[in-house]
Each structure stands twice: as C-alpha cells, then as structure tokens.
Amino acid sequence: MTTLRAFTCDDLFRFNNINLDPLTETYGIPFYLQYLAHWPEYFIVAEAPGGELMGYSATALTICMFAVMGKAEGSVAREEWHGHVTALSVAPEFRRLGLAAKLMELLEEISEKKGGFFVDLFVRVSNQVAVNMYKQLGYSVYRTVLEYYSASSGEPDEDAYDMRKALSRDTERKSIIPLPHPVRPEDIE
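As annotated in an unreviewed UniProt entry, the protein chain carries the name N-alpha-acetyltransferase 20 and comes from Trogon melanurus. Listed in UniProt under the heading Sequence similarities (unreviewed entry), the comment for the protein chain reads: "Belongs to the acetyltransferase family. ARD1 subfamily." Entered under Subunit (unreviewed entry) in the UniProt record, the comment concerning the protein chain runs "Component of the N-terminal acetyltransferase B (NatB) complex which is composed of NAA20 and NAA25."

By size, the foremost hydrophobic cluster in this structure holds 33 residues, and its most contacted members are L121, V123, Y134 and M163. Secondary-structure elements contributing two or more residues to this core are α2 (29–38), β2 (43–47), β4 (82–90), α3 (99–113), β5 (118–124), α4 (128–136) and β7 (158–166). If one sorts the elements of this core by residue count, α3 sits on top with seven residues. Y134 has contacts with L88, M104, L121, V123, Y139 and M163, leaving out every residue within four places of it along the chain. Ranked by size, the runner-up nonpolar core spans five residues in total, among them F122, Y149, A160 and V183.

Thresholds, definitions, all that
Counting restarts for each chain, with residues numbered from 1 along the sequence as it is written. Two thresholds apply to this predicted model, a pLDDT of at least 70 for residue-level local features and 80 or more for giving and counting side-chain atom pairs, whereas whole-chain, interface and lining totals are computed over all residues. To get the side-chain values, all heavy atoms of the structure are used, and hydrogens and water are removed first. UniProt positions are given in the numbering used here, feature names are shortened, and annotations may be inferred rather than shown by experiment. In this description, a nonpolar core means a group of buried Ala, Val, Leu, Ile, Met, Phe, Trp, Tyr and Cys residues linked to one another through side-chain atoms lying within 4.5 Å. The buried label applies to any residue whose accessible area, calculated with a 1.4 Å probe on protein chains only, is under 20% of its type's maximum; exposed applies above 50%, and partly exposed to all values in between. Strands here mean DSSP runs of E at least two residues long; helices mean DSSP runs of H or I at least four residues long; both are numbered from the N terminus. Here, two residues are considered to be in contact whenever any of their heavy atoms come within 4.5 Å of each other.

Structural data, given as structure tokens:
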C-alpha cells in the first residue's frame, strides 16, 4: 500500500529518482528547506511498500515514488489568495497510476481549507503530457508566460502556461478567466 506523508529533511537525500527527470525543475537544498519551514502542509511525499532498494545503495530503503511541493500566496483583498504548485513529480516507474492526480487533489484540499480562491501552476508549453493531465484534472490555461523557463546550451528560453483551477471560494470563477495576451516573467506578481 502506498503511504502519503509529510516530507522530511531526510527525504532530501532520497528523492533523486524523482528529481533527476529532465522535465522536473530542480532546486538547491536551501530552497527545499524554505518550503519545508514555511509551508510544510504543502510538501507531501508518497512511499511504496518498504524493503525496496533505492538506486545503487546497499541499504534497503523504502523508495520515494513521488512528491508535490507547493505554497499559499497572494492577496485576499484582491481575491488572489491561492495555492501554488511549485513542483509535482512522479518517478518514471510509477507514472500512469493516478498518483499525480491524488497529490494534486490533496494540495487542492489544503488550499480549500486555507480559503484559497484557486490553485495555479506553471508548466512548460512543450510538456503536452503534463498539460493534458492538468486539463483532465480541471485546470485551464490562464495565460502564457514568455521565456519563463531558462534553456541550456544556447537554446532559446521556453514559454510556460500558467494553469489554474478555481476553488469553491471563487463562486464567479473570475480567477480562471484567460488573459488575452501573453506576459513576461517580470510581469507576474
């Protein structure tokens, strides 16, 4: 049985099988620790049943299958208080089992409890598998953010979709009305 639990500092040394995926944004340890300190309820990990080896380690560990990392941000007065998905990643061997959908559901529930108007996330325009998954989960493209993702080796930067899902507090669904034009990263609050 899969176990969902809070992410711990020890997990920073156990999630390379997830974090080394080319489409997963990776961050430095201080970044993860900041999220763990400020928004622990939004930092969730799942584990497969115990006893499996992780990588080439000689130690028997429970393999970390996937993780979701998010935060609450925005302004209540402007109806912009929301949950933000910073990272969602599933280890390749555990994809297409509905695990990402379950983690997104948990993050949405937390955002509802915190009084959010919506949940948002950024995804590479080229990552059509993820874009389609988020659409199936009820997210829609709110805006395109030009050159949001930095490219490597001289390639051009990549655009992102800012995708959103309205929560129950946004009764008029104003938070998901698409913007008619793209924005630049510096225009994002």
